[in-house]
Amino acid sequence: MVGVIYYYFIKDEAISIYIDGAPIKPIDVLFTEEADTNGNLDENEWNGREVRWIDRPKEITLDAELNVKAQIEVTQLPHPPTFELDERGKQAAIRKQYRIEAGNYGYYVYRNKRLINVHGAESFGIIPQDQDLYALRGRILIDDSADDAFNIDVKKSTIMLSDDAYNTIDLLSDEYKRKSKRAWERAKQLKHEREGNDPNLVANEIVADFEPPDVLPGDVVTPVEEVEVSKREHEVSEEMQSKLRTAAVKKKSQEEGHDVTEDQVDQTDLVATLKGDTNPAATKIYRVNAVDDNSLWEPYYDAETGGCVRINKLHKFARQVYEENRENTDLQIMFELFLLQMAEAEIYVQKNFLSLDRTKIREVLGEYRRVSSDFLAAMCRRLENRLPPLTEKQ
Amino acid sequence: MIFPTPPIWTNVSSIFDGVNSAYIYIWISKKYRLVYVGQTNGLRGTLGRARNHIGKHGTLRLRFESIVGEKLELADDLILASYTLPRQREYLGLESSYREAIEYLVQKGLVVARTGVTPTYKLISKVRYTDRASDVLVRDYAREIVNDFKANYSRASF
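Just so it is clear, the model here is predicted, and its values are computed rather than measured. (Residues numbered from 1 in each chain as written. Chains lettered and ligands numbered in written order. Predicted model: local features only at pLDDT ≥ 70, side-chain atom pairs only at ≥ 80, totals over all residues. Heavy atoms only, no water.)

Caption draft 1: Broad picture of the confidence of the model for chain B. Across chain B, the average pLDDT comes to 92, with 99% of residues at 70 or higher. Confidence estimates for the predicted assembly give a pTM of 0.82 and an ipTM of 0.85. (pLDDT = per-residue confidence, 0-100.)

Structure (structure tokens):
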């Protein structure tokens, strides 16, 4: 801990500290050198193995009235359980190497380059007790001009934030906590996939060999009508592939920071756009970050893949299922199977309801999907505290 | 001079149009050094939202009065900046994650920006982070709003 408390003195001022004759090494609790090498955290793609920046060092005003400035920086440390898949016992070694345990996550506050709280991290009542935040590490550098804003008692090593300082750190922390937690969950999910416990993969496996009926009982199709059905099927497929290509161009342009043309988009780009960060083994049900109109789901169809569904995992209702009911994998599987059939039904109706113009059917179904999605979002917002998991709320 | 207070000319434009527009809005009082950030997709735009805010239980009123310790009516230098959001369903619909994401990023941007403006200010609104804040277009849009605020704040006056 001495190496943490006097990190800056040992590192920058070249001061040497010895305990029982042994030199104390400076310990950077944020492991910023590794973060510099690995770059910024993308919580949707992090593999759980690398230290990454959540927020690079920046100066902020913590208290406007007292004109108190500080430097704040935040990193994400590795996800130790991920390493257990490499080698038994490695998880414990990673925890030790990066000091990942209860009480060590939160903010390390350095006043005049010395850690104030010799016991470690501060939560300020802002960072809750949550195992999914074990990898979150923040550092706040202040000088003695902040003593009033932080109500610092150096002897007692206590800190109490002014209202403005609290609100500022609370605001910034919201993003840090969310990104850290999502990244940790992403690492957990990848581990589950490798262990064969991923509900999305299970749902995909269940329906891998299932195709809904071509024609439902009562929906008689004459040979002449079959030609029209085939034509509509082709039109649906062409429309969806065209829409996918447009989306892939937009995605690639955003990623590369310049306009990209359609011929610069290849099959890998198309698949990445279609499937998002879903496990590549998924063939019909994809969890993606966004769909048109911010609906909860949308169908995809082409002759090769058949009917698929893209589920907007950031939609309020999807988050209620995937995040609030994280442990309920059966619920998630049934939810995904249900939406896949909803998507297949849209394609079926477009193809087979020959008495109506196909593009009109597409528009009406799209509107129905959008309105349903908005109603579900409104319900989640208003009834948030009454939705499952109910056992926790009773 | 026969007026109890000088006449007040207010530029309203069409900020009451919430039919096809959603907004990010920023309330500013330089006298009290306070800034409040909000979002709305209400039918009456930011003007309609303003009506809620100044009401007895309006959030702006409650926050202002709890922090300043005086009635909101004493803030006689209030400025309201309204920014229309992209006219797309993601921003206009009931599902508010896109609007909330921009609202969060703008608030965060203003917290960082206050280091370099005069007079500095306190943010009195409370917003929560949403995952949409990682979206490139959302970040771009929020950055534009913050840049506009920075460009105009110091010289804006009631």
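Caption draft 2: Looking closely at the side chain of B:T130. All names here are of chain B. Looking at where T130 falls in the secondary structure, it is placed in the loop between β4 (122-123) and α5 (136-153). Classification of T130 by relative accessible area gives buried; the value is 6%. A distance of 3.2 Å separates the side chain of T130 from the backbone oxygen of S97, its partner in a polar contact. Once you skip the residues sitting within four places of it in the chain, T130 turns out to touch S97, E100 and A101. (Helix = DSSP H or I, 4+ residues; strand = E, 2+ residues; numbered from the N terminus. Buried < 20%, exposed > 50% of the residue type's maximum accessible area, 1.4 Å probe, protein only. Polar contact = N/O pair within 3.5 Å; in protein donor to acceptor, adjacent residues only side chain to side chain. Contact = heavy atoms within 4.5 Å.)

Caption draft 3: Focus on the layout of surface pockets. By volume, the second largest pocket amounts to about 1,100 Å³. Around the second largest pocket, the lining comprises 31 residues; the ones closest to its centre are A:R178, A:R319, A:E323, A:E324 and A:E384. Broken down by secondary-structure element, the contributors of at least two residues to the lining of the second largest pocket are α7 (163-195), α11 (316-324), α13 (358-382) and α14 (390-393) of chain A together with α4 (97-113) of chain B. It is α11(A) that provides the largest number of residues to the lining of the second largest pocket, a total of 5 residues. Looking at the lining of the second largest pocket residue by residue, the classes come out as 6 nonpolar, 6 polar and 19 charged. (1 Å grid on protein atoms, 1.4 Å probe; cavity = no way out; pocket = protein on both sides within 12 Å on 5 of 7 lines; lining within 4 Å. Points joined across faces, edges and corners; volume = space filled by probe spheres on them. Nonpolar A, V, L, I, M, F, W, Y, C, P; charged D, E, K, R; others polar.)

Caption draft 4: Molecular detail of the packing of helix α9 (residues 223-256) of chain A against α13(A). Residues and elements named next belong to chain A. Here α9 crosses α13 at 50°, and the two axes come no closer than 11 Å. What the angle tells us is that α9 and α13 run oblique. Considering the relative orientation of α9 and α13, their crossing is right-handed. In this structure, α9 contributes R232, E235, V236 and E239 to the contact, and α13 contributes R358, I361 and R362. Here the contact of α9 with α13 is built from residues that sort into 2 nonpolar, no polar and 5 charged. (Axes fitted to C-alpha atoms, helices over the stretch in contact; angles between N-to-C directions. Parallel < 35°, antiparallel > 145°, perpendicular 65-115°, else oblique. Left-handed = near helix turned anticlockwise from the far one by under 90°.)

Caption draft 5: Layout of the nonpolar core. Of all hydrophobic cores here, the largest spans 44 residues; its most connected members are A:L62, A:Y107, A:F124, A:I140, A:I142, A:F150 and A:I169. Listed by contribution, the elements that provide at least two residues to this core are β3 (52-63), β4 (68-76), α5 (90-98), β5 (106-111), β7 (136-142), α6 (147-150) and α7 of chain A. Broken down by element, the residue count for this core peaks at 7 residues, all from α7(A). Once you skip the residues sitting within four places of it in the chain, A:F150 turns out to touch A:L62, A:V109, A:F124, A:I140, A:I142, A:I159, A:M160, A:L161 and A:I169. Grouped together as the second largest cluster of nonpolar side chains are 33 residues, B:Y98, B:A101, B:V138 and B:F149 included. (Core = buried A, V, L, I, M, F, W, Y, C linked by side-chain atoms within 4.5 Å.)

Caption draft 6: Structural context of the pattern of salt bridges. Evaluated as defined, the whole model comprises 54 salt bridges over all chains. With its nearest N and O atoms 3.7 Å apart, the salt bridge here joins A:D170 to B:R128. One end of the pair, A:D170, is in helix α7; the other, B:R128, is in the loop between β4 and α5, on a second chain. Classification of A:D170 by relative accessible area gives buried; the value is 15%. Judged by relative accessible area, B:R128 falls into the partly exposed class, the value being 46%. (Salt bridge = Lys/Arg side-chain N within 4 Å of Asp/Glu carboxyl O.)

Caption draft 7: Representation of the packing of helix α12 (residues 329-352) of chain A against α13(A). All names here are of chain A. Running from amino to carboxyl end, α12 crosses α13 at an angle of 155°, the nearest separation of the two axes being 8 Å. Here α12 is positioned roughly antiparallel relative to α13, judged by the angle of their axes. The chirality of how α12 crosses α13 is right-handed. Contact residues: E346, V349 and Q350 in α12; R358, I361, R362, L365 and R369 in α13. Its residues assigned to classes, the contact of α12 with α13 comprises 3 nonpolar, 1 polar and 4 charged.

Caption draft 8: Local environment of empty space enclosed by the protein. Applying the stated criterion across every chain, the model contains 2 cavities of 30 Å³ or more. Roughly 60 Å³ of volume is contained in the largest cavity. In terms of lining residues, the largest cavity is bounded by B:W27, B:I28, B:S29, B:L34, B:V35, B:Y36, B:L60, B:F64, B:L72, B:L78 and B:I124. For the lining of the largest cavity, the elements supplying multiple residues, two or more each, are β1 (23-29), β2 (34-40) and α2 (59-68) of chain B. Residues that form the lining of the largest cavity fall into these classes: 10 nonpolar, 1 polar and no charged. Computed from the structure, the second largest cavity encloses a volume of approximately 50 Å³. Lining the second largest cavity are A:D293, A:N294, A:R370, A:D374, B:R89, B:E90, B:G93 and B:E95. Put simply, the parts of the chain that give the lining of the second largest cavity at least two residues each are α13 of chain A together with α3 (89-92) of chain B. Considering only residue class, the lining of the second largest cavity consists of no nonpolar, 2 polar and 6 charged.

Caption draft 9: A look at the packing of aromatic side chains. The final tally for this structure, using the stated rule, is 14 aromatic pairs over all chains. On the numbers, 5.0 Å between centres and 20° between planes, the contact of B:F149 with B:Y153 is stacked. Linking B:F149 with B:Y153, this pair stays in helix α5, spanning 4 residues, or about one helical turn. The same class applies to B:F149 as to B:Y153, namely buried. For the cation-ring pair, A:R287 lies above A:Y322, with the distance from its terminal atom to the ring centre recorded as 3.7 Å. In this structure, B:K30 packs its charged tip against the face of B:Y153, placed 4.8 Å from the ring centre. (Phe/Tyr/Trp six-rings, centres within 6.5 Å; stacked < 30°, edge-to-face > 60°. Lys NZ or Arg CZ within 6 Å of the ring centre and 35° of its normal.)

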